[in-house]
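# What the coordinates show
Below are the chains, spelled out letter by letter.
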Amino acid sequence: MQTESTRRSLRALILDGRYPPGARLGEVEVAETLGVSRTPVREAFRALAADGLLATAGRGVRVVELSAEELAHVYRVRAALEALTAELAAERQRAGRLAPAELTDLAALADRTHRATVERELTEAVRLNRQFHRRVAELAGNPVALHSLERLWDQIQVSTHRSLHAPDRTALVDDQHRELLAAVTAGDPAAAGAAARRHVLDTCAAARPPEKE
């Protein structure tokens, strides 16, 4: 139980930028920060390395630091998987397997994401944006795709956190979210998949590569 709690706490610190890309982590330092012994920290290191957030660095570990090329590869895989989950969500909607409340909640997430972005609450906007995309993946009903996407979203969030800035394409992002939502609501798998893929690839093109210090 403590190992899982430690893993979640360390993951949150990494995703929030407390430990930036390339940072070396030591068991003693992290154990003191989290108020636990070194044993659960060691196990958390192993688990987060398996999840792609940490990489071995000599005797220790470091936070993953994707190059611009590696980040582009991650985005391409994300685009393919989000196209799949959007198609599956639309198929489930067409088959009458999605409750109206689920789509209402998705629309509300789109609203909240746009509002946070417009108001330049960037950390909150990132959280809500990820929640929106995760909700689409949940509606797909495919746990394998959802698990794979969680790993990719983590790597992208860590790699782009330092370049977090108010987007120049706020209206476009909102329009693309609405397009995806409309396609899923209409039960149109082809349109939903195309909208999801286009949105992710546009996001990739607009993303800033991680900066070296």
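Up top is the structure.
What counts, and where the lines are drawn
Residues numbered from 1 in each chain as written. Predicted model: local features only at pLDDT ≥ 70, side-chain atom pairs only at ≥ 80, totals over all residues. Heavy atoms only, no water. Axes fitted to C-alpha atoms, helices over the stretch in contact; angles between N-to-C directions. Helix = DSSP H or I, 4+ residues; strand = E, 2+ residues; numbered from the N terminus. Parallel < 35°, antiparallel > 145°, perpendicular 65-115°, else oblique. Left-handed = near helix turned anticlockwise from the far one by under 90°. Contact = heavy atoms within 4.5 Å. Nonpolar A, V, L, I, M, F, W, Y, C, P; charged D, E, K, R; others polar. Pairing = 2+ DSSP bridges.

Let us look at the packing of helix α8 (residues 170-185) against helix α9 (residues 189-206). Where α8 meets α9, the axes come as close as 8 Å, and the angle between the chain directions of the two elements is 160 degrees. When the interaxial angle is binned, α8 and α9 end up roughly antiparallel. The handedness of the crossing between α8 and α9 comes out as left-handed. Residue-level inspection shows V173, Q176, H177, E179, L180, A183 and V184 of α8 in contact with α9, the latter providing A191, A192, A195, A196, R198, H199 and D202. Grouping the amino acids of the contact of α8 with α9 by side-chain chemistry returns eight nonpolar, three polar and three charged.

So, on to the sheet that holds strand β2 (residues 54-57). Across the sheet, which stays open at both edges, the three strands sit in the order β1-β3-β2 with antiparallel pairing between neighbours. Pairing within the sheet leaves two strands with one partner each, and these edge strands are β1 (24-25) and β2. Examined bridge by bridge, β2 and strand β3 (residues 60-63) share four bridges and lie antiparallel to one another. Among the inter-strand pairings, T56 is bridged to a residue of β3, identified as V61.

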